[in-house]
Amino acid sequence: MKREAKGGTAHSACQSLPEPTSAASEKQEPETSGTDRACWLSQAAAQSVPAGRAVRLWRDAALRARKLRGGSGEPESKSEPDAGSSEGPPSPPAAAPLRSPLAAALGELEALNLSGRGLEELPEEVGAALSGLRVLNLRRNRLSRLPDAALHHLSRLAELDLSHNRLRGLGDGGALAGLRGLRKLSLSHNELGTEGPGLPPCLAELCRLEELDLSFNRLRHLPEGLGHLRHLRALDVDHNLLPSFPTPLLELGALEELDCSGNRHLGALPEGISALRRLKILWLSGTGLAALPEGLCQLSALESLMLDGNQLQALPAGFGSLQRLKMLNLSSNLLGEFPAAVLALPSLEELYLSRNQLTLLPPRLCQLHQLRTLWLDNNRIRYLPDSIVLLHSLEELVLQGNQIAILPEGFGQLSRVTLWKIKDNPLIQPPYEVCMKGIPYIAAYQQELAHSQPALKPRLKLVLVGLKDAGKTLLRQCLMEEDGQRDDVGSLEAGSTQPREGPGQLQDIGRVPVGCCPSLEPWGASSAKVPVMQQLEHLPVEQQDFPSHVPSHRVKGKTPCPMLSLPLNAPRVPSGLGLSGGSKGIEVMDWTADAERGLTFIVYELAGDRSYDVIQSFFLSPGALYVLVVNLSAYVPQHFYPSVGYFLHWLSSKVPHAVVCMVGTHADLCAERELEEKCLDIHQQIAQQEKRDAEGLQSLVQQVDEALGQDFDLRCSNPHAAFYGVSDKNLRRKKAQFQYLLNHRPQILSPVLPFSCRDRCQVRRLRDKLLSVAEHRDIFPNLHRVLPRSWQVLEELHFQPQAQQLWLSWWDSARLGLQAGLTEDRLQSALSYLHESGKLLYFEEHLTLREYVFHNLPLLIDILNIFCQQDATVLLQKLLSDTHIDELRATQLQHYVEGFLLHGLLPAHVIRLLLKPHIQSPEDLQLIMELLEKMGLCYCVNKPKCKPLNGAAAWYKFPYVKDKVPHAEAWINSTNLSGQSFVVEQLQIEYSFPFIFPPGLFARYSVQINSHVVQRSDGKYQIYAYRGKVPVVVSYRPARGSLQPDTLSIASHASLPNIWTAWQAITPLVEELNVLLQEWPGLYYTVHVLCSKCLKRGSPNPHTFPGELLSQPRPEGLTEIICPKNGSERVNVALVYPPTPTVTSPCSK
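Everything quoted here is computed from the prediction, not taken from an experiment.

How each quantity is defined
- Residues numbered from 1 in each chain as written.
- Predicted model: local features only at pLDDT ≥ 70, side-chain atom pairs only at ≥ 80, totals over all residues.
- Heavy atoms only, no water.
- Pairing = 2+ DSSP bridges.
- Helix = DSSP H or I, 4+ residues; strand = E, 2+ residues; numbered from the N terminus.
- Axes fitted to C-alpha atoms, helices over the stretch in contact; angles between N-to-C directions.
- Contact = heavy atoms within 4.5 Å.
- Buried < 20%, exposed > 50% of the residue type's maximum accessible area, 1.4 Å probe, protein only.
- UniProt positions renumbered as here; feature names shortened; annotations may be inferred.
- Expected span 1.5 Å × (residues − 1).
- Bend = angle between axes of the 7 residues up to and from the residue.
- Salt bridge = Lys/Arg side-chain N within 4 Å of Asp/Glu carboxyl O.

> So what about the sheet that holds strand S26 (residues 905-907)? Which residues, and what values?
Within the open sheet, the three strands sit side by side as S26-S28-S27. Their pairing is antiparallel. With one partner strand each, in any of the chains shown, S26 and strand S27 (939-940) form the two edges of the open sheet. Where S26 meets strand S28 (residues 955-957), three bridges bridge the pair, whose relative direction is antiparallel. Across the sheet, the residue bridging to Leu-906 is Tyr-956, located in S28.

> Describe the sheet that holds strand S31 (residues 1022-1027), and please don't skip the residues or the numbers.
Ordered by their spatial adjacency, seven strands build an open sheet running S30-S31-S32-S33-S29-S34-S35, and the pairing between neighbours is antiparallel. Both outer strands of the open sheet, strand S30 (1014-1018) and strand S35 (1104-1106), are each paired with one neighbouring strand and no more. When strand polarity is set aside, the average angle formed by the axes of neighbouring strands in this sheet is 20°. Pairing of strand S32 (residues 1030-1037) with strand S33 (residues 1046-1054), which is carried by six bridges, proceeds in the antiparallel orientation. The residue of S33 that forms the bridge with Tyr-1036 is Leu-1048. Along the sheet face, helix H28 (residues 1001-1008) touches strand S29 (985-993), S30, S31, S32 and S33 and points at about 165° away from the line of S32. Those strands touched by helix H29 (residues 1059-1077) are S29, S31, S32 and S33, and its axis lies near 155° from that of S33.

> Describe unusual backbone geometry, listing the residues and the values that go with them.
Phi at Asn-378 is positive, roughly 55°, even though this residue is not glycine. Within the secondary structure, Asn-378 sits in the loop between strand S12 (373-375) and strand S13 (396-398). Judged by relative accessible area, which is 33%, Asn-378 ranks as partly exposed. Its identity is not glycine, yet His-657 carries a phi of approximately 70°, on the positive side. On the secondary structure map, His-657 appears in the loop between helix H14 (640-654) and strand S20 (659-665). Its relative accessible area of 37% is what places His-657 among the partly exposed residues.

> Lay out the pairing of S32 in plain terms, naming residues and giving numbers.
Extensive coverage of S32 is indicated by the burial of eight of its eight residues. Where S31 lies against S32, six bridges are found, and the strand directions are antiparallel. When the bridges of S32 are listed, Ile-1023 appears paired with Val-1034. Where S31 hands over to S32, the hairpin turn is made up of two residues, of which Gly-1028 adopts a positive phi near 70°.

> Break down the UniProt feature "coiled-coil region" (unreviewed entry) in the protein chain for me, citing the residues and quoting the values.
The sites that UniProt annotates as "coiled-coil region" (unreviewed entry) are residues 672-707. Measuring from the first to the last C-alpha atom of residues 672-707 gives 53 Å, for a span that is 100% helix and 0% strand.

> I'd like a description of H14, backed by residues and values.
For H14, which comprises 15 residues, the first-to-last C-alpha distance of 20 Å matches the rise-based estimate of 21 Å (1.5 Å per residue) to within 8%. Considering bend angle alone, the principal kink of H14 is centred on Tyr-646 and spans about 30°.

> I'd love a proper account of the pattern of salt bridges, names of residues and values included.
Oppositely charged side chains are able to pair whenever their charged atoms sit close together. Evaluated as defined, the whole model comprises 34 salt bridges. Among the ionic pairs, Lys-184 bridges to Glu-211, the shortest N-O distance being 4.0 Å. With Lys-184 in strand S4 (residues 184-186) and Glu-211 in strand S5 (residues 211-213), this pair connects stretches of sequence that are 27 residues apart. Lys-184 sits in the buried class, given a relative accessible area of 17%. Between Glu-690 and Arg-745 there is a salt bridge whose closest N-O contact spans 3.3 Å. Of the two residues, Glu-690 is situated in helix H15 (residues 672-708) and Arg-745 in the loop between helix H17 (728-743) and strand S21 (747-748); the sequence distance between them amounts to 55 residues. The same class applies to Glu-690 and to Arg-745, which are both buried. A single network of salt bridges, built from pairs that share partners, joins Glu-159, Arg-183, Lys-184, Glu-210, Glu-211 and Arg-233.

Structural data, given as structure tokens:
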């Protein structure tokens, strides 16, 4: 609409200008003189005439240019000198050919397109030769001043486009004033307001001007005589620095389109705006308006009104008199109520009310019978009126980011809606999975629900997370046991029948704290008891078993967790009650927490051992309640991050807006005051971490806003700019990502709940707390959803006895869906619901795992736990379970186990022994190994192309078992393995993770890239390999300080002429990493291209170019980029931009 008009001022008359077919047409030399200028001029002319004449003129111009060069002393290849002289004089008629016939043809030329030619000036000869020109397009050049001399000859000019240049002024404007017939003038995207007086007064002498574009010029005022332009129909002054509405504009009675957007200090509109009676399109976006004058309501011809990005809280009373209004944009304002005056606009077709504070929609919304577009996203709307289904003309309906739980009955009547957005709503009916599919699926669901017997199955996924020895296992057991059984547990924990002592004494020996030895003594003994805080001063920090990926700088100070001195002759606690190390990896089970209401928790207990990091993220999903367990007896403030903060970052990165309940175990081992202090410290540090993260993201949003406020050309011309060269599209995408992260912070429900298994009141209180949270409809609205009969039947079919194989393929599940009455497209919604409720695992968004439906969770978890087990004794027990194994064979198996724990390598026949209960045939082993490879857990290091004749065993590498030798560390520092520096150019893409590096990501990534590389050699945090004959290095660097992020880099090298081979080598690896990172929607990370010159110089902090450039085409005409770290060095553009842009921006979500 308006934007199309803006782009077509002088360009509209220059459409589809033919390009010359000669190879010489690619040689453009604007800065020419003398005879060569004739050739250049003929090239421009050839683009602006019909195709037949273009070929003829081009040939004639080439002949003339050759004669001109020959006349100035250059010998012609086919010409013979005269016999009487060896050096003839210059040819007299050198310039004559320009007058005929080329001069005549140029004189008849009416349209000339010279956009994007890099021109710094327009010679006067051009204007003289093109005196009949009516349309001239000089868009996107490098003109720093107005070409006055050339314009003096173009008196017949009707359209002139000088946009996207470097004009800092128009001089006295005399050259422009002489263009009396000018109807369209575009001066946008220049620098007219930065120096001098701005626009000259004589601009008002263009009495026939109909369209004027002055946008993006930093203008602070407009000429007083601008109101004399009586024929002006379209005026664009958006994104300038106008302090108020220019009064001369009120005199433009013929004005039909006015754009004042982006003038942030405009503030208010004058009442006299009613004088613009013919105005049809008015843009006032982002002008700081707090109210609208009644005079605006008298613009009876108005059809489009843009008021987004202001501070409006209401509309004028007479707003309904704008009866011709078809499009109204009120997004990003402060509207708390739906403006009733809008309902009086019968012609309205497009209504935008995004990002306001609306809570209700009026039932009379259906009066807008012509409405085709309705955007209501990011408000506070709780429900939709039933009458919304009567908007039969609706084609676009955007409702995302509200609080809508239920859609009205008959929603399927909106059958014409093609653009539909509903995400980020707490949908219950229809379920979120159905609503995301679209209106036809909503209609089918509602129809089935109306004709079936619905049932209510309150079920919630409950996930226990925390450090090893935090007390997760015993907490789960205490919650799930009956009261009578819990009495027995309490007596076993106490180890005696004596009454419970005070809170400051040691009582709970069911969970031995971190680093302690299970040596026990009678509770009555008093000789060996040392205060907990005194013990902390003498223990090394290594005794606390933190996750391996938590940077050392996160663990403040040297103070560790306490070690309790326990007496030797105390009674042993049964292992089933959860002694230290009692957890068997990941476990899952059902817990009927409230039999009366049938409320069931599906409890997942995740292992605290760091060897399980690579698989834990598969069990995190939206819609679950997460319980973060902290060992209060071992907690010290210096270890807040590894104990609490790390897990909050982990959960929010994988599950944005995760619901987290904090529970502190071993409360009976802390004195009352100590308990209060530790709970308060955790609460305060959580608040500080959340505030720090939110402020950091908000600062990034402001930086992006500042960049968007700059002109794109200005951003591209300054390598020092924050987002050098990044397109507006990528910046808006980046801002949307930051806003998403800000709006989906974790929901931490309450302060830490102290818990001890010996205290029945605390057990009961925690149980009641979990039940109350689960039943809170604002937190878990899906818990009470009503399910159609087909979904219930599908669940029953998936868990019937004959379906107990390891997993189901998608097609197996689809056949069960057909038995339940669900087609394939509707089956996905039902499976997604079962996944979210924890009943099964179905990864709809995963490219390789979406073909699996994991309905047999105990078997799947048992398989995964085996390969994450780092205890040699446990592994040997599984391998030696066969009584017929002799001593030699047992020794061999022991060596295999040692090799696995040292290097992560296992042969296929040993894997078969480990999985013996689950393997019935060789095909079963192959299927399991294929699954593990798709999950990113292992890869075959010697996979044969065909069946090996000698029966050689296949070996599998499990990369999360870290090797200790860093093979590729030297290469990544620009030195090869022999110690010699490379003389070629290095290409390196670096991913930075300021908050958290996803646990297990590097191991899974090393598996995913295996199909792309050969001759790989893996170190602890490096992979050295080849893509064809091109070397590549993947390197992970943990953070080395509190201000440094974790980084993962992908590098290659080649000579500059062959740098495309390096791009070809690393691009698939970058794309594989981007796919993995899509599994972490709440993760903040950045991508950069490191400066090749800085890397070659050995700089410890090389300059970084934005990673968004990877998804953008190389700028035309740009060959080198200045490195801001050293202004004298220039980086070839081929070392920053890939030959072909990647499909999506690396940082997009």
